[in-house]
Amino acid sequence: MKYQLASHTLAGGRSSNQDRIAVLERDNAVLMVLADGLGGHEGGALAAEILVNTVQHALQAVRQPVITKPSAFLALAIMQAHKLIVARGAGMTPPISPRTTCVACLVQNGYAYWAHVGDSRLYHLRAGNVLLRTLDHTLTEEMHRGGLLSEEEMKRHPEKARLLKAVGGPQIPSISLGEETLLHTGDTLLLCT
C-alpha cells in the first residue's frame, strides 16, 4: 500500500489551538485521527488529547495483523475516549465537562473506514471531485437535510456552529460511521475541522 500523508494545524483567531492530530502506521494499515476541542467548554484541549491518545492506544493494542471489524473498532475507541474524558473532567476540582469533536479513518487492504462525531469532517476526493463529505452533527445541517435551509442559508444562519453531538459531556455520543469504501489510485482522504 503506497500513500502520502500531510498534516497542518493553526490556532486561527484563538489564543490557543485545541486541535490534535495523530497518524499511526502498521504494515498493512494507516489510522488517522483528528480531534477539535470545544472552545466554549473548559478542557477542550484536554478532551481532544484524550481522544487522540485513546484511539492510538486502541490500535496499538490490536495484536492481529488485520482489524476484522474496522467500523466497530473505531466506534468502540471513540466510546472509550468519551468515558475517559467524562471521568477526567469529573475528577477535577472543580469538576468540568470537557468536549471535543472528532473524525477517525482507518485504511487497510485498500479500503477506508471512518467514524465521526460533531463537525469535524472527512472528504473523499477522486480526480478533483468530492465523492463524499461526512454530514455535520449541527443544527443547521439537520435543518438543511429536513429541507428547512438551503446551503447558502446554512452559511449565514445565526446558529451555524451549534453542535448537537460531541465526545465528552453528559450525553453519550451518537457516532456516525462511513461504509466500507474501496480506494482507487490517486484518491484523497481529507480530515479537517
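This text follows the structure it describes.
In short, a report on the structure. All values reported here derive from a predicted model rather than from experimental measurement. (Residues numbered from 1 in each chain as written. Predicted model: local features only at pLDDT ≥ 70, side-chain atom pairs only at ≥ 80, totals over all residues. Heavy atoms only, no water.)

## Some remarks on the sheet that holds strand 5 (residues 121–126)
The strand order 6-5-10 describes an open sheet built from three strands, whose pairing is antiparallel. Looking along the sheet, the strands with just one partner apiece sit at the ends: strand 6 (129–133) and strand 10 (188–192). Sheet twist, expressed as the average angle between the axes of neighbouring strands with direction ignored, equals 25°. Across four bridges, the pairing between strand 5 and strand 6 is antiparallel. Bridge pairing links L125 to V130 in strand 6. (Pairing = 2+ DSSP bridges. Helix = DSSP H or I, 4+ residues; strand = E, 2+ residues; numbered from the N terminus. Axes fitted to C-alpha atoms, helices over the stretch in contact; angles between N-to-C directions.)

## Describing the environment of P170
Inspection of the secondary structure assignment puts P170 in the loop between strand 7 (167–168) and strand 8 (176–177). Measuring from C-alpha to C-alpha, the distance between P170 and V86 comes to 7.7 Å, with 84 residues separating the pair along the chain. Those residues within four positions of P170 in sequence are excluded, and the remaining contacts are S97 and R99. (Contact = heavy atoms within 4.5 Å.)

## With respect to unusual backbone geometry
Across the chain, the bulk of peptide bonds are trans and the bulk of non-glycine residues have phi less than zero. With an omega of -10°, the peptide bond between T93 and P94 qualifies as cis. Tracing the chain through its elements places P94 in the loop between helix 2 (70–90) and strand 3 (99–108). Positive phi outside glycine occurs at A127, with the angle close to 55°. Relative to the elements of secondary structure, A127 occurs in the loop between strand 5 and strand 6. A relative accessible area of 73% places A127 in the exposed class. (Buried < 20%, exposed > 50% of the residue type's maximum accessible area, 1.4 Å probe, protein only.)

## Some thoughts on the pairing of strand 4 (residues 111–117)
Burial analysis of strand 4 places six of its seven residues in the buried class, the great majority of the element. Examined bridge by bridge, strand 3 and strand 4 share seven bridges and lie antiparallel to one another. By the bridge assignment, Q108 is partnered in strand 4 with Y111. Here strand 3 folds back onto strand 4, and the loop between the two strands holds two residues, one of which, N109, carries a positive phi near 50°. As paired strands, strand 4 and strand 9 (residues 181–182) are joined by two bridges and run antiparallel to one another. Paired with Y111 across the strands is L182, a residue of strand 9.

On their own, these measurements won't tell you what the molecule is for.
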